[in-house]
Amino acid sequence: MIHLRSSEEIDAIARGGAIIGELLEAVRPEVRPGVSTLELDRFCEDFICSHDGATPAFKGLYGFPGSVCVSLNEEVVHGIPSKRRRLKDGDIVSIDVGVRLDGWCSDSAWTYPVGEVSGEAEKLLEVTEKALWNALDAAVPGNHVGDIGAAVMALVGGRPYGIIRDLVGHGVGREVHEEPQVPNVGRVGHGPLLRPGMVVAIEPMLSAGTADIRTLEDGWTVITADRALSAHFEHTVAVTDAGPRVLTSTARPVDAWTGPGGPGNA
Ligand code: MG
Ligand code: MG
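Summarised in this report is the structure supplied together with it. Worth saying up front: this structure is predicted, and the values here are computed from it rather than measured. (Residues numbered from 1 in each chain as written. Chains lettered and ligands numbered in written order. Predicted model: local features only at pLDDT ≥ 70, side-chain atom pairs only at ≥ 80, totals over all residues. Heavy atoms only, no water.)

Concerning the overall build of the protein chain
Phase 1: Across its full length, the protein chain holds 4 helices and 15 strands.
Phase 2: Relative to its length of 266 residues, the protein chain is compact, with a C-alpha radius of gyration of 17 Å against a globular reference of 18 Å.
Phase 3: C-alpha atoms of the protein chain, sized along the principal axes, occupy 45 × 45 × 35 Å.
Phase 4: The 266 residues of the protein chain split such that 54% are buried.
Phase 5: Sequence-distant contacts in the protein chain: of pairs separated by 6 or more residues, those separated by 24 or more amount to 71%. (Helix = DSSP H or I, 4+ residues; strand = E, 2+ residues; numbered from the N terminus. Rg over C-alpha atoms; globule rule 2.2 N^0.38 Å. Buried < 20%, exposed > 50% of the residue type's maximum accessible area, 1.4 Å probe, protein only. Contact = heavy atoms within 4.5 Å.)

Next up, the structure:
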């Protein structure tokens, strides 16, 4: 069932979400060549646990061993933090974070360049982030879940990127993963109606090659089938009468994105 949350409940989700928003900024200087993905995991866990009552929501979720997911280059999601995996100049790395606070969950992910990256990688990050903001703008009452996927597709447009379809966004609340599923492809006017009080994680994942994915033998790490670079940006957002309320960030990067009708929509 799809839950509708009161404004007090949305405020409670936003308190945990704000920790992720701060963390995804605080971790930025830690993302540098030589750092292991386990060190990033520890940084994130320490940051989350330094806030009274907050815990990493992914730790132990379905048996996941890390506190956060750290996915490098062709890894789309669910990378297991490891002391043997070290960032190199030119890599891109996604950090996916869940926080549980006062019985409420929130979920957000960001992909960072490591040192100097290729123009191809830079463009992939830019387009995927813009796809997220475009999709967030579609999270308004009266739209449907399909409008969110349609907004991702519209932003990606004719670019030679794969939109990962086999992984989806989701409702967020008492659990990290609730109904409804929120696909990154869709048709305007299709899918469940978006109503005030719905809280969903919107999370476009793009590949610089195929949209096909496969899971590695560790049972977790999802990679692009052709090992093309992949980027992942995610926010938890509440559908409200006042418009989309992003709960895992305090600001949108206006220097990079000017909203609907901006350069990304051209
Ligand atoms: Mg996530
Ligand atoms: Mg998610």
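What about the packing of helix α3 (residues 119–137) against helix α4 (residues 145–156)?
Phase 1: Remark: α3 packs on α4, axes separated minimally by 8 Å, with the N-to-C direction vectors making an angle of 145 degrees. Where α3 crosses over α4, the handedness of that crossing is right-handed. Residues Val127, Lys130, Ala131, Asn134 and Ala135 of α3 touch α4, and the partners they reach there are Ile148, Ala151, Val152 and Leu155.
Phase 2: Class assignment of the residues belonging to the contact of α3 with α4 gives a composition of 7 nonpolar, 1 polar and 1 charged. (Axes fitted to C-alpha atoms, helices over the stretch in contact; angles between N-to-C directions. Left-handed = near helix turned anticlockwise from the far one by under 90°. Nonpolar A, V, L, I, M, F, W, Y, C, P; charged D, E, K, R; others polar.)

Things to note about the sheet that holds strand β10 (residues 205–207)
Phase 1: Taken together, 3 strands build an open sheet; the order of strands is β6-β10-β13 and the sheet is antiparallel. Only two strands of the sheet have a single neighbouring strand rather than two, namely β6 (162–163) and β13 (230–232).
Phase 2: Bridge count between β6 and β10: 2 bridges; the pairing is antiparallel. Its bridge partner being in β10, isoleucine 163 is matched across the sheet by leucine 206.
Phase 3: Those strands touched by α3 are β10 and β13, and its axis lies near 35 degrees from that of β13. (Pairing = 2+ DSSP bridges.)

Section: the coordination of the magnesium ion (ligand 2)
Phase 1: The coordination sphere of the magnesium ion (ligand 2) contains the protein donors Asp107 (OD), His170 (NE2), Glu203 (OE) and Glu234 (OE), at a distance range of 2.1 to 2.2 Å.
Phase 2: Donor residues for the magnesium ion (ligand 2) sit on one chain with the sequence pattern D-x62-H-x32-E-x30-E.
Phase 3: Between the magnesium ion (ligand 2) and the magnesium ion (ligand 1), the interatomic distance is 3.2 Å, and aspartate 107 donates to each metal, bridging them. Remark: glutamate 203 occurs in the loop between β9 (199–202) and β10 and histidine 170 occurs in strand β7 (residues 169–171); sequence separation between them is 33 residues. For the residue pair histidine 170 and glutamate 203, the accessibility class agrees, reading buried in each case. (Donors = N, O, S within 2.8 Å, 3.2 Å for Na, K, Ca; no water.)

Considering the packing of aromatic side chains
A ring pair, where both rings are aromatic, is described by two values, the distance of the centres and the angle of the planes.
Phase 1: Going through the model one piece at a time under the given rule, you end up with 2 aromatic pairs.
Phase 2: Geometrically, the ring pair formed by phenylalanine 64 and tryptophan 220 is edge-to-face, given 5.0 Å between the ring centres and 85 degrees between the ring planes. Residue phenylalanine 64 is found in the loop between β1 (55–56) and β2 (69–72), and its partner tryptophan 220 is found in the loop between β11 (213–215) and β12 (222–224); the two are separated by 156 residues along the sequence.
Phase 3: A ring pair is formed by tryptophan 110 and phenylalanine 233, whose centres lie 4.7 Å apart and whose planes are at 80 degrees; its orientation type is edge-to-face. Taken as a pair, tryptophan 110 in strand β5 (residues 104–113) and phenylalanine 233 in the loop between β13 and β14 (235–240) lie far apart in primary sequence, 123 residues in all.
Phase 4: One cation-aromatic arrangement involves arginine 174 over tryptophan 104; the distance from NZ or CZ to the ring centre is 3.8 Å. (Phe/Tyr/Trp six-rings, centres within 6.5 Å; stacked < 30°, edge-to-face > 60°. Lys NZ or Arg CZ within 6 Å of the ring centre and 35° of its normal.)

Focus on the pairing of strand β8 (residues 178–182)
Phase 1: When β7 meets β8, the two strands line up antiparallel, connected through 3 bridges. Paired with glycine 169 across the strands is valine 182, a residue of β8.
Phase 2: Remark: 6 residues form the turn of the hairpin made by β7 and β8, two consecutive strands paired antiparallel.

Here's the deal with the coordination of the magnesium ion (ligand 1)
Phase 1: For the magnesium ion (ligand 1), the full set of protein donor atoms is Asp96 (OD), Asp96 (OD), Asp107 (OD) and Glu234 (OE), at a range of 2.0 to 2.6 Å.
Phase 2: The motif formed by the donor residues of the magnesium ion (ligand 1), counted along the single chain, is D-x10-D-x126-E.

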